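Now for the letters of each chain:
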Amino acid sequence: MNVALVGTSSFDRFFNLAHDQLQRRGHSVARFLTRKDLLAAVDALQSLEILGASSSFTADRELFAKMPRLRALVSPFTGVEGFDVSAATANGILVANGQITENSVSMAEAAVLFTLASLYDLHGTERYLRENLPRPSQVRARMLMGKKVGLIGFGKIGQAIAERLSAWGVRLVASVRTTRPMPAYVAAQSLDEVLATSDVVIMAAALNPESRGMLDLDALRRMKPDVVFVNITRGGIVPDDALAALAAERPAMRIALDVFDPEPLKENSPLRDLPNAILTPHMVGHTVESQKRLPEAFCENLLAVAEWRVPEYVVNPSVIETWLRKQDSAQL
Ligand SMILES: NC(=O)C1=CN([C@@H]2O[C@H](COP(=O)(O)OP(=O)(O)OC[C@H]3O[C@@H](n4cnc5c(N)ncnc54)[C@H](O)[C@@H]3O)[C@@H](O)[C@H]2O)C=CC1
Ligand SMILES: O=C(O)C(=O)COP(=O)(O)O
């Protein structure tokens with residue numbers, strides 16, 4: 001099989017392992033730093049069958065047209081917003097990702113951590129000792145018990161958050177795009193209702209053309225003045241400037257963000273000055289356990305598609321039937 005891995009040295013821990021394992025099984029592996037480098041390798045494009053790249057890589061119709069033999073796109077991570085998944089599906093290309101349990105659960109634990117740290121004003125309170133200030137007389141911590149927690153998006157991470165919070169005495173609601181069976185402890189509600197009535201709003205949706213910019217300033221203004229707003233999925237869903245403006249205008253609001261648009265967060269971003277914000281550089285849910293498992297899962301996905309086996313983490317399962325038929329024609 002001809003495999004290309006595209007990404008800078010920050011992907012070495014994924015790509016070195018994959019390179020090793022694929023080569024040991026007789027596959028040919030080429031490494032490119034950028035999409036531009038890949039596109040410049042015109043001859044290689046014709047014969048490439050598998051592409052490994054992260055969500056910052058653009059895999060679109062133009063690319064697929066240049067890679068007539070491409071059968072699978074594999075990302076080391078969960079988000080695939082750089083991939084045109086519909087076009088991949090239309091071309092019979094299977095998309096696999098790193099949606100491993102360790103990753104979803106770490107992210108869910110991080111969302112719970114952000115929620116509690118915000119409600120209990122952990123970072124504001126901790127400052128008193130670090131700055132050698134007298135203990136404040138005013139209590140700012142608020143309980144989670146009895147609050148309404150609204151999830152936007154109810155995929156693997158959203159469900160893991162709800163499962164964990166179901167033991168905390170909260171009322172759980174989720175805004176979902178399609179009707180589906182929900183666990184007994186979560187009620188489906190419209191996005192407007194979730195925004196207007198929740199004490200805690202947690203963004204758990206994927207970034208895609210539909211969700212990009214979904215929560216603009218008007219939408220955010222519908223939230224309660226003292227809402228806790230958490231985003232651990234993708235910054236592009238909520239414009240940073242809108243969030244910063246609202247949190248500056250509403251001191252009782254608390255926000256906790258792991259993701260921004262663009263990343264890294266701009267040096268002069270107004271978010272950095274907000275006392276009511278917790279900010280982490282896209283790593284609050286990266287744990288020792290998930291970071292150990294991700295490169296292994298990336299290799300397992302690559303080896304599976306190289307051997308025409310359906311990998312464990314498929315983003316576009318509707319393609320599987322066509323994809324398996326491709327195998328029959330490839331082997332004729
Ligand atoms: N900060 C980090 O380190 C990490 C971030 N992520 C991000 O979290 C996202 C979600 O991960 P999973 O839950 O595993 O993915 P998933 O694919 O299981 O769930 C995504 C959910 O988003 C929903 N969704 C998509 N567009 C929507 C819209 N317009 N309105 C409402 N819901 C919408 C989908 O219906 C689906 O339920 C990933 O796409 C990734 O971008 C994932 C892992 C780590
Ligand atoms: O799994 C995902 O989508 C992630 O966001 C992982 O974060 P990273 O891309 O490793 O910075």
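None of these values were measured; they are calculated from a predicted model.

The next thing to look at is the pattern of salt bridges. What the rule picks out here adds up to 21 salt bridges. Ionic pairing is found between Glu210 and Arg177, a salt bridge with its closest N-O pair at 3.1 Å. Separated by 33 residues along the polypeptide, Glu210 in the loop between β9 (200-203) and α10 (217-221) and Arg177 in the loop between β7 (171-175) and β8 (186-188) bring together distant segments of the chain. Note on accessibility: Glu210 and Arg177 belong to one class, exposed. Of the charged contacts in the structure, one is a salt bridge between Glu296 and Lys292, with a shortest N-O distance of 3.4 Å. Placement of both Glu296 and Lys292 in helix α12 (residues 288-306) is noted, with a separation of four residues, approximately one turn of the helix. Residues joined in a network through salt bridges with shared partners are Arg35, Asp60, Glu62 and Lys66.

Under the local residue numbering, the UniProt record ascribes the feature "domain: D-isomer specific 2-hydroxyacid dehydrogenase catalytic" (unreviewed entry) to residues 37-316. End-to-end, the C-alpha atoms of residues 37-316 are 27 Å apart, and along that stretch the chain is 36% helix and 14% strand.

Below, the discussion takes up the site of ligand 2. Near ligand 2, the surroundings consist of Phe77, Thr78, Gly79, Asn103, Arg234, His282 and His286. One of the backbone N or O atoms of Thr78 is found 2.8 Å from an oxygen atom in ligand 2. One of the backbone nitrogen or oxygen atoms of Gly79 is found 2.8 Å away from an oxygen atom of ligand 2. Starting from 310 Å² of accessible surface for ligand 2 in isolation, the protein chains cover 77%. When its residues are assigned to classes, the shell around ligand 2 shows one nonpolar, five polar and one charged.

A few words on the site of ligand 1. Looking at ligand 1, there are 26 residues lining it, with Gln99, Lys156, Ile157, Asn208 and Ile232 nearest. The separation between an oxygen atom of ligand 1 and a polar side-chain atom of Arg234 is 3.3 Å. Here a nitrogen atom of ligand 1 sits 3.2 Å away from a polar atom, N or O, in the side chain of Asp258. Burial of ligand 1 by the protein amounts to 88% of the accessible area it has alone, namely 860 Å². Listing elements by their share of the shell around ligand 1, those giving two or more residues are α6 (101-119) and α8 (156-165). Residues that form the shell around ligand 1 fall into these classes: nine nonpolar, 11 polar and six charged.

Turning our eyes to something else, we now look at the packing of helix α1 (residues 12-24) against α12. Remark: α1 packs on α12, axes separated minimally by 9 Å, with the N-to-C direction vectors making an angle of 40°. When you trace α1 past α12, the crossing you get is right-handed. From α1, Arg13, Phe14, Phe15, Leu17, Ala18, Gln21 and Leu22 reach across to α12, where they touch Gln291, Leu294, Pro295, Glu296, Phe298, Cys299, Leu302, Leu303 and Ala306. Class assignment of the residues belonging to the contact of α1 with α12 gives a composition of 12 nonpolar, two polar and two charged.

Take the packing of aromatic side chains next. Using the criterion set out here, one finds six aromatic pairs in the structure. Ring centres of Phe14 and Phe77 lie 5.3 Å apart, and the angle between their planes is 80°; on these two criteria the pair is classed as edge-to-face. With a gap of 63 residues between them, Phe14 in helix α1 and Phe77 in the loop between β4 (72-74) and α5 (85-90) connect regions that are remote in the sequence. Each ring, one from Trp308 and one from Trp323, has its centre 4.8 Å from the other, and the planes form 55°; the classification is tilted. You can see Trp308 sitting in the loop between α12 and α13 (320-331) and its partner Trp323 sitting in helix α13, a full 15 residues away along the chain.

With that settled, the discussion passes to the side chain of Ser75. Relative to the helices and strands, Ser75 is located in the loop between β4 and α5. Here the side chain of Ser75 touches Phe77 through a polar contact of 3.1 Å, landing on its backbone nitrogen. Leaving out residues up to four positions away in the same chain, Ser75 has contacts with Ala53, Ser54, Ser55, Val80, Phe83, Ala96, Asn97, Gly98 and Phe298.

Conventions used here
- Residues numbered from 1 in each chain as written.
- Chains lettered and ligands numbered in written order.
- Predicted model: local features only at pLDDT ≥ 70, side-chain atom pairs only at ≥ 80, totals over all residues.
- Heavy atoms only, no water.
- Salt bridge = Lys/Arg side-chain N within 4 Å of Asp/Glu carboxyl O.
- Helix = DSSP H or I, 4+ residues; strand = E, 2+ residues; numbered from the N terminus.
- Buried < 20%, exposed > 50% of the residue type's maximum accessible area, 1.4 Å probe, protein only.
- UniProt positions renumbered as here; feature names shortened; annotations may be inferred.
- Near = heavy atom within 4 Å.
- Polar contact = N/O pair within 3.5 Å; in protein donor to acceptor, adjacent residues only side chain to side chain.
- Areas by Shrake-Rupley, 256 points an atom, 1.4 Å probe, with all protein chains shown as cover.
- Nonpolar A, V, L, I, M, F, W, Y, C, P; charged D, E, K, R; others polar.
- Axes fitted to C-alpha atoms, helices over the stretch in contact; angles between N-to-C directions.
- Left-handed = near helix turned anticlockwise from the far one by under 90°.
- Contact = heavy atoms within 4.5 Å.
- Phe/Tyr/Trp six-rings, centres within 6.5 Å; stacked < 30°, edge-to-face > 60°.

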